[in-house]
Amino acid sequence: RAMTRQSLSILTPLALLVLLAGFSDFQLGSVGAEEDYNVQELLTRETFNQVQELEKSSKPGGHEEKRQIPAKISKEKASQSSKKADKTPTDTKSGKSFIFPWKISQAICLSPYLECPPMGLESLKIDDFQLHASSTKRYGLGAHRGRLNIQAGLYEDDLYDGAWCAGRDDPLQWFEVDARRLTKFTGVITQGRNSLWSMTFSSWVIFRSNREKEIPVQNIFPTPVVSRYIRVNPQSWFPSGSICMRVEILGCPLPDPNNYYHRRNEVITTDDLDFKHHSHKEMRQLMKVVNELCPNITRIYNIGKSQGGLKLYAIEISDNPGEHEVGEPEFRYTAGSHGNEVLGRELLLLLMQFMCLEYLSGNQRIRHLVEETRIHLLPSVNPDGYEKAFEVGSELSGWSLGRWSNNGIDIHHNFPDLSSVLWEAEAKKWIPRKMFNHHVPIPEWYQSKNASVALETRALIAWMEKLPFVLGGNLQGGELVVTFPYDRARSPGVTRGQTPTPDDHVFRWLAFSYASTHRLMTDASRRVCHTEDFAKEDGTINGASWHTAAGSMNDFSYLHTNCFELSMYVGCDKFPHENELPEEWENNRESLLVFMEQVHRGIKGVVRDLQGRGIANAIISVEGINHDVRTAADGDYWRLLNPGEYKVTARAHGYTITTKKCEVGYEIGATRCDFKIGRTNLSRIREIMEKFNKQPIKFPVKQLQARRSGERPMGT
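Predicted model, so just to flag it, every value in this text is computed and none were measured.

Under the counting rule described, the total for this entry stands at seven cavities of 30 Å³ or more. Size it by volume and the largest cavity reaches roughly 70 Å³. Contributing to the lining of the largest cavity are H412, H413, T483, D487, G543, W546, H547, A549, N554, S567 and Y569. Those elements that provide at least two residues to the lining of the largest cavity are α14 (543-546) and β15 (564-571). Taken together, the residues of the lining of the largest cavity sort by class into three nonpolar, seven polar and one charged. Looking at the second largest cavity, its volume works out to about 50 Å³. Together, L121, E122, L124, R147, L148, N149, I150, W399, C529, H530 and C572 line the second largest cavity. A class-by-class count of the residues in the lining of the second largest cavity yields seven nonpolar, two polar and two charged.

Next up, the structure:
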């Protein structure tokens, strides 16, 4: 804010050509959505002034209305206000009603310097047809690319470049946004090269802008301006450079119930949840509120600490929290491994609230999920990075502020590269003689104290090894796609290349289950976030065929544990504004639930000995799939499979091998496939010998051969 005030105070006396961009026809009280924007520019200054006078006269005393920042609301007061305005959920068993403890009053809590939220250039609420420019260097640098934080393609001459660039370098170039309705504009955020931008309406505002390419700079107008159109008019730039920039506009649409575009794009949620961004402390408080509301199905715990000393909190949702039940699969969602990718974090906090309330309200789908699954939510893997991004704010954190841990490590790609270890063993034909095709061990160098491993990564690995997870998803941001292993290309020296796992058909189904139920991922008509049109691939892609990366959490989880892990990129905007959270929740809510339900697809069972005791670490193999899983401590196992008939084998050290056919149907619900295996004769002999402290007699090979030759009958 201090920087904003300072930059606004530095006005440079430049001779500017005043461009009329946005004088609206106010005679009918609304802007015709069909009117051409060039016609709008021909309207007079007097009409524009009428709009400003009418806005002032609508407020008491003709003064600017001040937004109040409400004080912290106690749980009791919030509960009282929610009683009046909302329907409360009811526990179907006890008949007891519950109040939403996190319900926030309708007062708008915004800084006076940030009157209006972003209009949506970054989040794609503003479509390409609403963006115009005086000229364009080439198509890939057109006005449609002038969005905040948009990313360029791999090559300089790509069709998808990372900014709008003017075709000529002179002070007459402009970038324009058509709001399609009367809007109160309060500020602009620019991102790009070192320039001095000017904002033009019927009057103009001059402000200093960016000195480097990535860090966004926000400037709030001294007085809000009402218009339909808004232009940014660059006035100076590097002598050796050119006019290029990315933009976000801050604006509040004025009430207009007849506006077609607003009605068409409006998404409304009916869920009474806490739609806001939470600091680390607020996140912990919200978890506590949910735990107090649903104490019988939730448990809060932490898996360790971050480099900055913040605890990595998780919440468990289960009908028997704190205990693994035999035969019940364990599922996990994680988010925030990149601290600036905030949407996933808030989605998990919303999911936590939603499941608690729906369980109390008697939602049978949620009750079945809670009673048949042990669910773990870890909203913030990198709380240190998040706090950095949160402090700056949703529009000013840029593309990378807070991405890494405090010691500069990308947590998501900080795991040991086990795919290379496996592929080398396969090339040397060590499998299965010297190494298994699953539970690949972590290299010794990685476990040393001097290894470049983040504390958060070590905590995640310990968590993953401790609990028998079956399926997991890590929520990320900046795109709309679901990726699945492998994330590293097998061919050396390539930047991308299709690299499937032995379970590729299962991973593709899991990815599609999320993408197909998302409101936007598979929409072929939607605009691409940056450069890749993933909708053509049903919103899914093999990680290595997008961009190869060694040591990902997905690859590690698949090769070192039984858990199938995927990455969900849940939104184009990594850090959306608070007012966009309800729509993003609607976009992802069904997908989050459907993906959790996939943990019950395939086969499950218990491997026991003849006395009925569960056998830990028994290996479950499926014919035709070169990847096995192992049983948990109680002998129970889960094997994700697509519908079909499979030949399944159970084996354990010292036990006989047993094989049976197991059929997987199309309905959700894993097929029961139990095994009973007996001890081999050799293992029983060894057990008896060890029990009586007797060891088998072992002769040296030469001595044994001499003894055998001496026992031969005479004459032979």
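That shown, we press on.
A few words now on the pattern of salt bridges. Within this structure, the stated rule accounts for 30 salt bridges. We note a salt bridge from R228 to D178, for which the minimum N-O separation is 2.9 Å. Of this pair, R228 sits in strand β6 (residues 217-237) while D178 sits in strand β3 (residues 175-192), and the two are 50 residues apart along the sequence. Among the ionic pairs, E590 bridges to R365, the shortest N-O distance being 3.1 Å. Pair noted here: E590 is in helix α16 (residues 581-597) and R365 is in helix α8 (residues 364-372), with a separation of 225 residues, a long-range link.

Residue-level pLDDT values for the chain average 80, and 76% of them are 70 or greater. Low pLDDT, under 50, characterises residues 103-114; the stretch is placed with 22 contacts to residues that sit more than four places away or in other chains. Across residues 193-197 the pLDDT falls below 50, and counting only partners more than four positions away or on other chains, this stretch makes 32 contacts in the model.

So, how was this worked out
Residues numbered from 1 in each chain as written. Predicted model: local features only at pLDDT ≥ 70, side-chain atom pairs only at ≥ 80, totals over all residues. Heavy atoms only, no water. 1 Å grid on protein atoms, 1.4 Å probe; cavity = no way out; pocket = protein on both sides within 12 Å on 5 of 7 lines; lining within 4 Å. Points joined across faces, edges and corners; volume = space filled by probe spheres on them. Helix = DSSP H or I, 4+ residues; strand = E, 2+ residues; numbered from the N terminus. Nonpolar A, V, L, I, M, F, W, Y, C, P; charged D, E, K, R; others polar. Salt bridge = Lys/Arg side-chain N within 4 Å of Asp/Glu carboxyl O. pLDDT = per-residue confidence, 0-100. Contact = heavy atoms within 4.5 Å.

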